[in-house]
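# Structural characterization, general
This is what each chain is made of:
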Amino acid sequence: MSQITIQCRLVANEATRQHLWELMTRLNTPLINELIEQTSQHPDFETWRQRGKLPATVVSQLCQPLKIDPRFTGQPARFYISAVHVVDYIYKSWLALQKRLQRQLDGKTRWINILKSDAELTEICQQSIEVIRARASEVLTQFKQDSTPVDASSSKGRKRKKTEQGSEDPNRSFATVLFEVYQNTENLLDHCVISYLLKNGGKVSNREEDPAKFAKRYRKTEIQIQRLRDKLEGRMPRGRDLTGQKWLETLAIATTTVPQSEIEAKHWQAQLLAKPSSLPFPAIFETNEDMSWSCNQKRRICVKFNGLGEHTFEIYCDQRQLHWFQRFLEDQETKRNSKNQHSSALFTLRSGRLAWQQGEEKGEPWNIHHLVLYCTVDTRLWTAEGTEQVRQEKAVEVTKIITRLSDKKDLSKTQQEYAKRLNSTLTRINNSFNRPSRPLPQTNPSMVVGVSLGWDKPATVAVWNANTQEVVAYRSIRQLLGDDYDLLNRQRQKQQQIAHQRHKAQRKDAAHQFGTSELGQHVDRLIAKAVVEIAQNYQASSIALPKVGELRESLQSEIQAKAEQKCSGYLQGQQRYMKQYSTSIHRWSYSRLIQNIQTQAAKVGILLEEGQQPVRGSPQDKAKAVAIAAYQARQ
């Protein structure tokens, strides 16, 4: 991942701001709302939902008749394209989330069908627990010898997984092999042995099982399954109601109609309590040449957007990001001066997003809110070495397409023109940009830096060597922050103070939207910088990060199961217990920390991977598990 996002504020005269505001609120956002609604009502939507993605051109096809609809006419062509991109992105992320939740639900359902207590296992196979343990020890020994837990006779017709060379894949985990064997064998004893090994983490325990702990573990899995089902049955993607009309309609229904189910009542409640949208959808510019850069008489960098005519915006940004915008201007000037002999495929700027940012003053909305431009840049294109790397990749890609077209006979006129454009593009790509030189970092593909996240210790690092299967170094949060460790304690104290102030304000029914300082962001940046420095010192090829969504869900389910056990039969006590611990979990912004690590890693060209973080174990063991999981997924 070599792309990062930078931002700046755009300043323009009042007429320009008013024109853009009315265009985005009266025409573009209603168009996006209509496209979202029509997509969800399409006859094939359920098929797309199960598949996990929309057809490439379906949203564009739905938009074609809306271009002549009186409600949406009068927009620049670029804004129709932007509306299609926005809806595509909304459904792409929503369908990907649905697919991931369904995969998790299938896995949890399979696991709860396997999970049995020791008493249940002995009853199923009609054998004592000592026999199950002895058989489990044999399975462990055999797995260490040939990477398979049972012999061929116990699995009917099962074929071992092969690599390209024909040998067994050594990178599959023990649990993965056990799950496969469980599905392919019908022997009850083998089923019980595999269930015993899976629930004990691939080990044989001589201790008697604690029924209370097992019940808590089983209940936790049930809670996870129910929460996943609730999420899958959640609401569909929806647009932005800038007028508040839908809120009024929901209020009228809720005050005059009795809900048919608890789900419907919760849906009404969510709509009435949701913070109303006051800002339109952003305008997306996928092509870097949709933005034209220049310098005005004050030597300030300015930008124009395709579709907005001569409306010009001045760039106001932080000094640390000014060099990026200067590079955007240099790239376009280089192409103009060479009479288009350079390719925009090597521009540092990749895409842009024009959006409004919430303001708090009073007056006209285009005077209250602020315009912000988000720019996606490829950090590799900052240096000559990185640009050469990208140039080679794109040249190979274009050459493959040209070769594929040349192998065809009787090309159509359109295909011939396309091939001609590709040849022209290939010629322009070979013209290099004048950029500073910086040697690319030398990395070891077998070195992976795993990062685990938690509340007490926000980040713990393990440097794992895949060749030796050992951890080279560990780093705790205190070691990562060093002399700045006191800032972490200060941040936690500040969070507690704000939480207490919010609680008192809520009891008085007063405003409770308290602002926070940038201390948390600063701490996250320090942690991210330290993690990336460790990766550079050990020449690691990648940094493995846990999946935040699954981490929060797992912790939340564990808290609920613990609350039910501690406050059995006392619903209010369970809710207080869950609220107390949930506040601690959600108080730290794991997503912000991961985003900072991603940004710092992209600057130095270190790849990022994702790995599963286990719930149990020390922070060091979790960090090691994340690194191993990411490396195995890479294989």
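About the thresholds
- For every chain, the first residue of the written sequence is number 1, and numbering continues from 1 onward in sequence order.
- Local features in a predicted model are, by the rule used here, given only for residues with pLDDT of at least 70; side-chain atom pairs are given and counted only at 80 or more, and totals for whole chains, interfaces and linings are based on all residues.
- With hydrogens and water set aside, each side-chain value is computed from the structure's full complement of heavy atoms.
- Helix and strand labels come from DSSP, where a helix needs a run of H or I of at least four residues and a strand needs a run of E of at least two; each type is numbered from the N terminus.
- Any residue under 20% of the maximum accessible area for its type is buried, any over 50% is exposed, and the rest in between are partly exposed; the area is computed with a 1.4 Å probe on protein chains only.
- Two residues form a contact once any of their heavy atoms are found within 4.5 Å.
- Each accessible area value is a Shrake-Rupley result obtained with a 1.4 Å probe; residue values ignore everything except the protein chains displayed when judging cover.
- Nonpolar side chains (Val, Leu, Ile, Met, Phe, Trp, Tyr) are joined into patches within 5 Å and like charges within 9 Å, using only residues with over 30% relative accessible area and no salt bridge.
- Here, a salt bridge means any Lys or Arg side-chain nitrogen found within 4 Å of an Asp or Glu carboxyl oxygen.
- The charge count treats Lys and Arg as positive and Asp and Glu as negative. His and the chain ends do not count.
- The atoms used to mark charge sites are NZ of Lys, CZ of Arg, CG of Asp and CD of Glu.
- Two strands form a pair only when DSSP identifies at least two bridges running between them.
- Between the N-to-C directions of two axes lies an angle of 0 to 180 degrees, each axis being a line fitted to C-alpha atoms and, for a helix, fitted only over the stretch in contact.
- On a scale of 0 to 100, pLDDT captures the predictor's confidence in every residue.
- By convention a nonpolar core is built from buried Ala, Val, Leu, Ile, Met, Phe, Trp, Tyr and Cys residues, the set being connected through side-chain atoms within 4.5 Å.
- Throughout this description, any angle smaller than 35 degrees is read as roughly parallel, any larger than 145 degrees as roughly antiparallel, any in the 65 to 115 degree range as roughly perpendicular, and the remainder as oblique.
- By definition, any crossing whose near helix is turned counterclockwise from its far helix by less than a right angle is left-handed, and any crossing with a clockwise turn is right-handed.
- For this classification, the nonpolar set comprises Ala, Val, Leu, Ile, Met, Phe, Trp, Tyr, Cys and Pro, the charged set comprises Asp, Glu, Lys and Arg, and every other residue, Gly included, is treated as polar.

This part takes up the overall build of the protein. If you tally the helices and strands in the protein, you get 22 helices and 12 strands. Looking at the 635 residues of the protein, the share that counts as buried comes to 41%. Of the contacts formed within the protein by residues at least 6 apart in sequence, a portion of 71% connects residues at least 24 apart. As displayed, the protein has an accessible area near 35,700 Å², and 48% of this comes from carbon and sulfur atoms.

Attention now moves to a positive patch on the surface. On the surface, a cluster of positive charge is contributed by R51, K53, K99 and R103. By the element assignment, K53 lies in the loop between α2 (45–51) and α3 (58–66). Classification of K53 as exposed rests on a relative accessible area of 54%.

The next point concerns the pattern of salt bridges. Applying the stated rule across the entire model yields 19 salt bridges. Between D69 and R71 there is a salt bridge, with the nearest N and O atoms lying 3.0 Å from each other. With a shortest N-O distance of 3.2 Å, R78 and D290 are connected by a salt bridge. Taken together, the residues span a long stretch of sequence, with R78 in helix α4 (residues 77–114) and D290 in the loop between β2 (283–285) and β3 (291–295) at a distance of 212 residues. Residue classification places D290 among the buried positions, given a relative accessible area of 3%.

With a phi close to 65°, N340 is a non-glycine residue in the positive phi region. Assignment of secondary structure puts N340 in the loop between α12 (322–337) and β6 (349–357). Relative accessible area serves as the criterion here: at 45%, N340 is assigned to the partly exposed category. The phi dihedral of Q539 is positive, around 55°, even though this residue is not glycine. Summarising the element assignment, Q539 is placed in the loop between α18 (519–537) and β11 (540–546). The partly exposed category is assigned to Q539, whose relative accessible area is 41%.

Here we come to the sheet that holds strand β10 (residues 470–475). One open sheet holds the 5 strands; their spatial order is β10-β9-β8-β11-β12, and the pairing between them is mixed. Both edges of this open sheet fall to β10 and β12 (607–611), since each of them pairs with a single strand only. Each strand of the sheet is rotated relative to its neighbour by a mean of 30°, with strand direction disregarded. Taken together, the 4 bridges between strand β8 (residues 444–453) and β11 define a ladder with parallel strand orientation. Along β11, the bridge assignment pairs V449 with I543. Relative to the sheet, helix α21 (residues 590–604) contacts β8, β9 (459–465), β11 and β12, its axis offset from that of β11 by approximately 165°.

Burial within β11 is extensive, with 7 of its 7 residues counted as buried. In the sheet, β11 pairs with β12 via 5 bridges, with the strands oriented parallel. Directly across from A544, in β12, lies its bridge partner E609.

Another point: the confidence of the model for the protein. Predicted confidence across the protein gives a mean pLDDT of 84, with 88% of residues reaching 70 or more. Below a pLDDT of 50 lies the segment residues 148–171, which in the model reaches 41 contacts outside its immediate sequence neighbourhood of four places, other chains included.

We now examine the nonpolar core. Here is a general trend for soluble globular proteins: nonpolar side chains tend to be buried in one another's company. The biggest cluster of nonpolar side chains holds 36 residues, and the ones touching the most others in it are L10, W293 and F305. Looking at this core, the element that brings in the most residues is helix α1 (residues 14–40), giving 5 residues. By size, the runner-up hydrophobic cluster in this structure holds 32 residues, among which are Y485, L487, I527 and A601.

This brings us to the packing of α1 against α4. Close contact between α1 and α4 brings their axes to 9 Å; oriented N to C, the two are set at 45°. Judged by the angle between their axes, α1 and α4 are oblique. Between α1 and α4 lies a crossing of right-handed hand. Contacts between α1 and α4 involve L20, L23, M24, N28, L31, I32, L35, I36, T39 and S40 from the first element and F79, Y80, A83, V86, V87, I90 and Y91 from the second. Grouping the constituent residues of the contact of α1 with α4 by class yields 14 nonpolar, 3 polar and no charged.

Spatially, β2-β6-β7-β1-β5-β4-β3 is the arrangement adopted by the 7 strands of the open sheet, whose pairing is antiparallel. A single partner strand is all that each edge strand has here, and the edge strands are β2 and β3. On average, each strand axis in the sheet is inclined to that of its neighbour by 30°, with strand direction left out of account. Contacting β1 (3–11), β3, β4 (301–305), β5 (313–316), β6 and β7 (370–378), α12 crosses the sheet at an angle of about 100° to β3.

A separate point is the pairing of β9. Of all 7 residues that make up β9, 7 are buried, and the element is covered over most of its length. Residues A459, V461, V463 and N465 point to one face of β9 and T460, A462 and W464 to the other, with burial holding for every one of them. Sheet topology note: the β8/β9 ladder contains 7 bridges and is antiparallel. In the sheet register, L453 faces β9, and the bridge partner there is A459. Sheet topology places β9 next to β10; 5 bridges connect them, and they run antiparallel. Counted as the bridge partner of W464 is V471 from β10.

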